[in-house]
Number of protein chains: 2
Amino acid sequence: MTNRSAKFASLPRKALLLGGNGFLGRNLVRALEAEGVSVRIYDRGHHAQARDQDIVGDFATGQRLLEALTGVDVVFHLISTTIPSTSDADPTFDVTSNLVGTLRLLEVMETAGVHRIVFLSSGGTVYGNPRVLPVPETAPLEPICSYGVVKAGIENYLRIGAKLHGVHATALRLANPYGPGETRIGVHGVIATFFARVAAEEEIVIWGDGSVVRDYIHVDDAIGAMLTAATLDGFNLYNVGSGEGHSLTEILDIVQRISGKKAKVSFRPARAFDVQEIYLDIARITGETDWTPRIALEQGCALLWAAMKH
Amino acid sequence: MTNRSAKFASLPRKALLLGGNGFLGRNLVRALEAEGVSVRIYDRGHHAQARDQDIVGDFATGQRLLEALTGVDVVFHLISTTIPSTSDADPTFDVTSNLVGTLRLLEVMETAGVHRIVFLSSGGTVYGNPRVLPVPETAPLEPICSYGVVKAGIENYLRIGAKLHGVHATALRLANPYGPGETRIGVHGVIATFFARVAAEEEIVIWGDGSVVRDYIHVDDAIGAMLTAATLDGFNLYNVGSGEGHSLTEILDIVQRISGKKAKVSFRPARAFDVQEIYLDIARITGETDWTPRIALEQGCALLWAAMKH
């Protein structure tokens with residue numbers, strides 16, 4: 001017996017998570033298992049809570065992928081060997097590990113008889129500096145870092161895989177996720193980083209003047225979109241965000257208000273790979289599926305602060 | 001003394017042509033030399049009219065690229081190791097040879113101090129099946145073959161190279177070029193192929209029902225756009241076509257009328273990688289530069305027929 005909710009009645013039974021040890025991956029594992037889905041993690045190392053079925057492998061070389069895919073109904077592809085801020089240092093590695101790696105994944109999926117994939121794309125990098133806000137999926141893709149070029153390329157190969165080989169593929173152009181479980185403070189999300197810094201009374205670094213605008217989505221909403229995506233047929237491409245933009249200055253205000261602490265802020269020169277202002281038009285996914293973001297920013301920030309040890 | 005025309009007064013002095021032995025390459029060599037530009041060809045083999053300065057190398061491995069780039073002011077990147085119809089057979093090869101190959105080219109250009117590139121992209125494949133006709137550069141890119149995915153990826157890395165490294169890069173999304181010098185009859189352009197087949201009283205094969213619509217541009221107009229592109233600063237991305245769409249049935253009519261011969265036609269099933277209907281919105285390039293297509297389709301076909309030996 002599973003305790004599967006009515007909402008996700010059509011979820012596949014066995015899932016493989018590529019990149020299951022990261023912030024999103026760990027949250028997705030919990031959500032899938034709560035829905036009665038059997039989960040196998042494929043990642044470079046074992047997480048503390050690793051289970052017998054998990055597999056350690058290097059996506060960049062495709063190590064043990066066939067073994068990982070055997071018996072699986074759906075792949076959640078959350079792996080990236082690069083991050084936006086450093087991807088331009090070695091674009092060739094970005095392409096060969098992530099883009100060629102995903103082409104290999106699609107081949108091995110076909111060998112293993114796996115015909116369904118949910119791919120985590122990047123709402124913050126594929127568009128570059130958008131000409132229209134909120135930015136819809138149909139906007140031109142003008143990425144200004146390699147990370148965004150590679151994500152867009154993978155989306156395109158998923159479209160072709162759906163057309164030529166009947167793969168069910170949904171790509172989610174995710175906004176900036178935040179919430180409990182962000183462990184790489186200072187590397188990933190600014191909200192958790194800002195909270196951690198004020199809690200520790202450490203300096204907060206802001207690149208630029210604080211006017212950079214982003215679309216922040218609570219991790220529970222992001223995970224909900226991934227579960228929904230796993231139930232869809234054919235090729236689908238969706239923005240997944242709150243649909244709202246908030247500046248770093250606004251985030252800083254919220255963090256100070258909720259924590260009741262005054263931040264020490266150091267402003268540094270803006271970075272070339274940072275888009276100035278972006279937030280996502282989410283009309284396509286809210287119109288075509290029953291997913292919608294449910295956790296407002298202030299509420300999500302209050303939940304995160306409450307969950308943090310301080 | 002050079003016989004440089006006033007129009008291209010700002011053309012660079014020394015050009016490297018990657019893929020100089022192909023249909024477009026040979027025409028571009030002639031046009032550049034007529035403008036007083038010194039031309040070096042880099043290609044896999046020597047053409048019959050090879051000059052001492054030409055270099056034989058394999059772009060897929062980057063062989064002799066640094067030597068080829070030394071002393072050069074502008075690179076015309078016309079090389080592709082794949083063609084649309086077969087690119088899906090091995091997308092990994094497409095990515096590693098063409099996309100990674102172009103990343104290597106950009107690195108070697110920086111080493112050699114070459115800061116200007118004109119890249120031949122593909123108006124017929126980057127958009128996939130366009131939602132709007134004529135299709136503008138801002139339309140979503142939804143390529144349905146690997147060839148188009150890779151071309152779009154290269155465009156993106158050129159944008160990043162312009163932003164991060166100050167490279168002057170112009171990508172031309174070229175429509176279907178036709179004209180004298182197409183030697184690979186049956187592989188490349190349909191117009192030359194149709195003329196060659198009727199001249200030889202051989203069967204013409206049409207994939208689909210003849211309703212497939214394309215944008216055909218005379219090679220002299222295409223070459224003119226490449227010369228213009230070499231004079232532009234910063235990053236630029238242009239559709240280059242006639243701006244008009246013509247069905248295969250129309251082309252067949254024109255070929256029969258001009259040749260005065262009746263074609264024998266064999267209709268075969270449509271191919272998955274063929275876009276059904278596409279022609280390009282050329283308002284951006286005609287608005288921002290002094291280039292415009294000058295040779296109408298009937299006129300260009302008549303010129304081609306006259307130039308063919310029959």
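The notes below deal with the structure included here. Residue positions within a chain follow its written sequence, with the count starting from 1. For this description, chains carry letters from A and ligands carry numbers from 1, given in the order in which they are written. The predicted origin of the model limits local features to residues at a pLDDT of at least 70 and limits the giving and counting of side-chain atom pairs to 80 or more, whereas totals for whole chains, interfaces and linings rest on all residues.

Digging into the overall build of chain A
Piece 1. A run of DSSP states H or I qualifies as a helix once it reaches four residues; a run of E qualifies as a strand once it reaches two. Both are numbered from the N-terminal end. Of the regular secondary structure elements, chain A holds 10 helices and 13 strands.
Piece 2. Here the radius of gyration uses the C-alpha set of atoms, whereas the globule reference equals 2.2 Å times the residue count to the power 0.38. For a compact globule of 310 residues, the expected C-alpha radius of gyration is about 19 Å, and chain A comes in at 19 Å, within 12% of that figure.
Piece 3. Put simply, a residue is buried when 20 or more other C-beta atoms lie within 10 Å of its own C-beta and exposed when 12 or fewer do; between those, it is partly exposed, and each C-beta is set from the backbone. By the burial criterion, 51% of the 310 residues in chain A qualify as buried.
Piece 4. In chain A, the proportion of contacts linking residues at least 24 apart, taken out of those at least 6 apart, comes to 79%. Contact between residues is assigned whenever the C-beta positions, reconstructed from backbone atoms, fall within 7 Å.

Considering the pairing of strand β1 (residues 14–18) of chain B
All names here are of chain B.
Piece 1. When you tally the buried positions in β1, you get four out of five residues, the bulk of the element.
Piece 2. Bridge analysis of β1 against strand β2 (residues 38–43) gives five bridges, and the strand direction is parallel. Bridge pairing links Ala 15 to Val 39 in β2.
Piece 3. Whether a crossover is right-handed comes down to one check: with the strands pointing away from the viewer, does the path from the first strand over the helix to the second run clockwise; if it does, it is right-handed. Between the parallel pair β1 and β2, the chain is carried across by helix α1 (residues 23–34), and the sense of this crossover is right-handed.
Piece 4. Two strands make a pair as long as DSSP finds a minimum of two bridges between them. Judged from the four bridges that link them, β1 and strand β4 (residues 74–77) form a sheet pairing that is parallel. Following the sheet pairing, Leu 16 is matched in β4 by Val 75.

Examining the sheet that holds strand β5 (residues 116–122) of chain B
Piece 1. Read across the sheet, seven strands follow the order β3-β2-β1-β4-β5-β6-β11 (chain B) without closing on themselves; strand pairing throughout is parallel. Each of the sheet's edge strands pairs with one partner strand only, and the pair in question is β3 (55–56) and β11 (235–240) of chain B.

Observations concerning the relation of the copies chain B and chain A
Piece 1. Copy-to-copy superposition: least squares on the C-alpha atoms, limited to residues that have pLDDT of at least 70 in both copies. Mapping chain B onto chain A is achieved by rotating through 180 degrees and translating by 0.0 Å along the same axis, at an RMSD of 0.0 Å. Here the symmetry operator amounts to a two-fold rotation axis. Relative to the rotation axis, the C-alpha of Pro 140 of chain B is the closest in chain B, positioned 2.7 Å from it.
Piece 2. Taken as a fraction of all interface residues of chain B, those also at the interface in chain A reach 100%, which identifies the copy contact as same-surface.

Observations regarding the nonpolar core
Piece 1. Counting residues in each nonpolar core, the largest one holds 188 residues, and the members touching the most others are Leu 17 of chain A together with Leu 17 of chain B.
Piece 2. The element best represented in this core is helix α5 (residues 146–165) of chain B, accounting for nine residues.
Piece 3. Contact partners of Leu 17 of chain A, with chain neighbours within four places excluded, come to Gly 25, Leu 28, Val 29, Val 39, Ile 41, Tyr 42, Phe 76 and Leu 78 of chain A. Here, a nonpolar core means buried Ala, Val, Leu, Ile, Met, Phe, Trp, Tyr and Cys residues linked by C-beta atoms lying within 7 Å of one another.

Let's talk about the interface of chain B and chain A
Piece 1. Contacts between the two partners involve 25 residues from chain B, matched on the other side by 25 residues from chain A.
Piece 2. Contributing elements (two or more residues each) for the side of chain B that touches chain A: α4 (91–112) and α5 of chain B.
Piece 3. When residues of the side of chain B that touches chain A are assigned to their parent elements, the largest contribution, nine residues, is made by α5 of chain B.
Piece 4. Split into classes, the residues belonging to the side of chain B that touches chain A amount to 15 nonpolar, six polar and four charged. Polar here means any residue other than Ala, Val, Leu, Ile, Met, Phe, Trp, Tyr, Cys and Pro, which are nonpolar, and Asp, Glu, Lys and Arg, which are charged; Gly is therefore polar.

Examining helix α5 (residues 146–165) of chain A
Think of an α-helix as turning once every 3.6 residues; residues three or four places apart then point the same way.
Piece 1. A helix is expected to reach a length of 1.5 Å times the quantity of its residues less one. Over its 20 residues, α5 of chain A extends 28 Å from the first C-alpha to the last, a length consistent with the 28 Å expected when each residue adds 1.5 Å.
Piece 2. Of all 20 residues in α5 of chain A, 16 are buried; the element is thus mostly enclosed.

Comments concerning the packing of α4 of chain B against α5 of chain B
When two helices pack together, their arrangement is given by the angle between the helix axes and the distance between those axes.
All names here are of chain B.
Piece 1. For the pair α4 and α5, interaxial distance at closest approach is 10 Å and the crossing angle is 20 degrees. For the element pair α4 / α5, the angle class is roughly parallel. Seen from above, α4 lies across α5 with right-handed handedness. Judged by residue contacts, Pro 91, Asp 94, Val 95, Asn 98, Leu 99, Thr 102, Leu 103, Leu 106 and Glu 110 of α4 engage Ser 146, Tyr 147, Val 150, Gly 153, Ile 154, Tyr 157, Gly 161 and His 165 from α5.
Piece 2. Per-class residue counts for the contact of α4 with α5 are nine nonpolar, six polar and two charged. Helix axes are fitted to C-alpha atoms over the stretch in contact, other axes to C-alpha atoms as well, and angles between N-to-C directions run from 0 to 180 degrees. Each angle receives one of four descriptions, namely roughly parallel if under 35 degrees, roughly antiparallel if over 145, roughly perpendicular if within 65 to 115, and oblique otherwise. Should the near helix be turned counterclockwise from the far one by less than a right angle, the crossing is left-handed, whereas a clockwise turn marks it as right-handed.

Comments concerning helix α10 (residues 297–307) of chain B
All names here are of chain B.
Piece 1. Listed in full, the buried residues belonging to α10 are Leu 297, Gly 300, Cys 301, Leu 304 and Trp 305. Seen end-on, α10 carries its buried residues on one side only, within an arc spanning 135 degrees. For α10, the exposed residues lying more than 90 degrees away from the buried face are Glu 298, Gln 299, Ala 306 and Ala 307.
Piece 2. Elements in contact with the buried residues of α10: β7 (176–178), α6 (190–199), β10 (216–218), β12 (246–247) and α8 (248–259). Each direction from the helix axis to a C-beta atom contributes to the arc, which is the arc of those directions.

Thoughts on the sheet that holds strand β11 (residues 235–240) of chain A
Residues and elements named next belong to chain A.
Piece 1. Ordered in space as β3-β2-β1-β4-β5-β6-β11, the seven strands form an open sheet in which the pairing is parallel. Looking at the sheet topology across the chains shown, the edges are occupied by β3 (55–56) and β11.
Piece 2. Pairing between strand β2 (residues 38–43) and β3: two bridges, direction parallel. Bridge pairing in β3 places Asp 43 opposite Val 56.
Piece 3. Helix-sheet contacts for α5 involve β5 (116–122), β6 (168–174) and β11, and the interaxial angle to β5 is about 155 degrees.
Piece 4. Sheet strands in contact with helix α7 (residues 219–229) are β4 (74–77), β5, β6 and β11, and its direction is about 165 degrees off that of β6.

Description of unusual backbone geometry
Piece 1. Of note, the bond from Leu 133 of chain A into Pro 134 of chain A is cis; its omega dihedral lies within 30 degrees of zero at -10 degrees.
Piece 2. Residue position: Pro 134 of chain A is located in the loop between β5 and α5.
Piece 3. The residue Arg 64 of chain A is not glycine, and still its phi comes out positive at about 65 degrees.
Piece 4. Looking at the secondary structure, you find Arg 64 of chain A in the loop between β3 and α2 (65–69).
Piece 5. On the basis of neighbour counts, which here come to 13 C-beta atoms within 10 Å, the residue Arg 64 of chain A falls in the partly exposed class.
Piece 6. Of note in the backbone geometry, Glu 201 of chain B takes a positive phi value of approximately 55 degrees without being a glycine.
Piece 7. Tracing the sequence through the fold places Glu 201 of chain B in the loop between α6 and β8 (203–207).

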